[in-house]
Amino acid sequence: MHKKNIASVTLLATAALLTACGQNKGASSSKQVMKTAVTGEISTLDSSKYGDTISSETLQNSMEGLYRFDKKGQARLAGAVKVTKSKDQKVYTFTLRKNAKWSNGDPVTAQDYVIAWRRTVDPKNDSLDSDSYQVIKNGTDIVAGKKKVSSLGIKALGKYKLQVTLENPIQYLPDLLTGAQFYPQDTKIVKKYGSSYGTSSSKLVYNGPFTVSQWTGSNLKWTLKKNKTYWNAKSVSLSAVKVQVIKTTSTGLNLYKGGQLDYAPVDSDYVKQYEKNADYHTKTTPTNGYMVFNLKRKTTGNVHVRRAISLGVNKQELVKTVLHSGKAAQGFVASDFIYDENGKDYRTSAGKLMTYNLKQAQKEWALAKKQLGKSKITIELLTSDMDASKRVGEYLQSNLMENLPGLTVKLRSIPLKSRLADTSKHNFDMVYGTWQPSFQDPIDYLTIGGLFNLESDYKNSTFWKEINQAKSTYATQPAKRQASLIAAEKQLIQKDAFAAPLYQAGVSYLLKSKVTGFRLSPYGTVAYYWDVKIK
């Protein structure tokens with residue numbers, strides 16, 4: 001939870017973490033070199049310890065796990081060529097790709113997955129992504145120090161045969177296993193470098209489309225080079241990607257205008273300036289902007305207060321006048337992201353929940369004031385002190401005070417670390433943040449989703465019954481499972497208004513027409529280079 005919340009609340013700034021592409025003039029070989037910019041440093045290349053977007057992006061371009069996202073954003077087998085499931089759908093057996101090699105020539109084996117996964121759940125490594133292993137047998141107990149690392153549900157059945165055992169059947173395992181926290185690690189290299197593994201580009205080897213070079217562990221420039229040992233190297237057109245840290249969006253845009261970059265991110269401050277440019281592109285992501293209420297306080301503990309606020313924000317105006325990208329939320333689970341076996345969007349099936357409805361909001365507000373015995377009510381809105389967060393907070397403050405007579409919203413903007421701490425300590429009335437999902441399933445939104453204090457504060461038996469049924473009873477019955485998840489979302493968001501969905505965030509960028517095959521991850525925060533070609 002810790003890593004996901006930190007990453008999520010900064011999403012409006014993460015647009016600036018996306019890569020930028022450039023071109024060298026000259027010979028044909030040098031033409032396929034991209035010059036890119038990111039706004040942060042790599043923290044580590046150890047896939048068991050990373051916790052930031054830049055490290056994740058570097059790993060996703062230089063490593064490969066059992067699955068990889070295809071051009072349509074669907075998880076497809078990559079490091080494995082075949083998978084079979086047990087009758088109860090809890091045991092997966094993967095046949096690994098025999099032609100997959102590490103950049104030092106070592107074969108990629110089942111034991112490489114075993115050692116990597118065990119390192120990630122080992123409490124002594126303090127992995128920021130160990131919570132992803134809750135779905136793997138004994139993962140939760142191992143992270144909590146209650147069981148041995150060796151009891152994790154992963155086993156090498158042979159050099160190229162890997163067995164994975166789950167706690168319960170899940171539909172989203174392929175999507176989950178695309179994540180860098182599930183990548184293999186060359187057993188020989190891990191043993192060689194020990195605690196220094198991944199602390200520089202030379203202290204690990206790579207099995208993905210590119211290798212990493214010239215990263216010392218703290219410098220601000222590095223290079224991705226085409227990996228000649230990658231099993232599908234013939235499909236990779238770029239010979240290199242040169243990366244440097246540039247910490248301000250304006251600097252990146254100036255380099256783009258000067259012809260030194262072929263790609264540059266555009267945050268909300270610059271959208272109006274560039275949105276009519278032929279190179280301008282925008283993409284709606286599955287990341288939520290939302291508010292959570294403190295149920296322990298008298299005012300925000302009142303369901304009519306929460307419903308009034310949830311219904312009383314003009315979400316479309318927020319997107320249009322403040323964000324300039326993305327779209328108004330229709331519910332807490334994102335639209336155009338999760339589809340059933342018939343290809344129907346979950347959001348379409350679940351319907352629109354708590355969209356802007358001023359008339360209904362004012363009815364709920366009148367009920368709230370009557371129950372609380374007050375004609376004037378003051379509520380504090382907590383945000384981080386990042387400019388993007390403060391701008392959203394200021395809009396919410398003015399919009400709600402205009403729409404709900406007698407309401408005063410006080411804005412408190414503090415550093416992100418403090419905002420997270422205050423939220424966990426219940427030191428807030430309502431808090432604004434953003435949250436990026438980890439996998440394409442509604443349960444990720446409804447049980448994690450940046451929903452602070454959900455398990456401790458929200459005791460609705462109907463909600464938890466539906467969630468538990470989705471996790472266990474209906475785990476292998478897609479239609480019934482989705483029905484339970486829809487019922488749970490309606491209870492949480494529509495009936496009890498535990499949280500107020502505001503928008504789905506967007507990312508915007510400039511891209512030269514000579515760059516083809518450039519893609520962002522399904523989550524919108526990581527750039528993929530392996531299909532890129534410069535015309």
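Not measured: the values here are computed from a predicted model.

Remarks on the pairing of strand E5 (residues 91–96)
Most of E5 sits inside the fold, with 5 of its 6 residues counted as buried. Note that strand E4 (residues 80–85) and E5 share 5 bridges and pair antiparallel. Residue pairing in the sheet places Val-83 in a bridge with Phe-94 of E5. The hairpin formed by E4 and E5 contains 5 residues between the paired strands, and Gln-89 there has a positive phi angle of roughly 60°. Here E5 pairs with strand E7 (residues 161–165) via 5 bridges, running antiparallel.

Thoughts on the packing of helix H12 (residues 315–323) against helix H15 (residues 387–403)
With their axes 11 Å apart at the nearest point, H12 and H15 run at an angle of 135° to one another. Considering their axes alone, H12 and H15 lie oblique with respect to each other. You can see that H12 and H15 cross each other, and the crossing is right-handed. Here Glu-317, Leu-318, Thr-321, Val-322 and Leu-323 of H12 come into contact with H15, specifically with Arg-391, Val-392, Tyr-395 and Asn-399.

Examining the packing of helix H11 (residues 303–312) against helix H14 (residues 358–372)
The geometry of H11 relative to H14 is characterised by a closest axis approach of 8 Å and an angle of 155° between their N-to-C directions. Of the possible angle classes, the one that applies to H11 and H14 is roughly antiparallel. The handedness of the crossing between H11 and H14 is left-handed. Where H11 approaches H14, its residues His-304, Val-305, Arg-307, Ala-308, Leu-311 and Gly-312 are matched on the opposing element by Leu-358, Gln-360, Ala-361, Glu-364, Trp-365, Leu-367, Ala-368, Gln-371 and Leu-372. Here the residues of the contact of H11 with H14 are counted per class, giving 9 nonpolar, 4 polar and 2 charged.

Rules behind the numbers
- Residues numbered from 1 in each chain as written.
- Predicted model: local features only at pLDDT ≥ 70, side-chain atom pairs only at ≥ 80, totals over all residues.
- Heavy atoms only, no water.
- Buried < 20%, exposed > 50% of the residue type's maximum accessible area, 1.4 Å probe, protein only.
- Helix = DSSP H or I, 4+ residues; strand = E, 2+ residues; numbered from the N terminus.
- Pairing = 2+ DSSP bridges.
- Axes fitted to C-alpha atoms, helices over the stretch in contact; angles between N-to-C directions.
- Parallel < 35°, antiparallel > 145°, perpendicular 65-115°, else oblique.
- Left-handed = near helix turned anticlockwise from the far one by under 90°.
- Contact = heavy atoms within 4.5 Å.
- Nonpolar A, V, L, I, M, F, W, Y, C, P; charged D, E, K, R; others polar.

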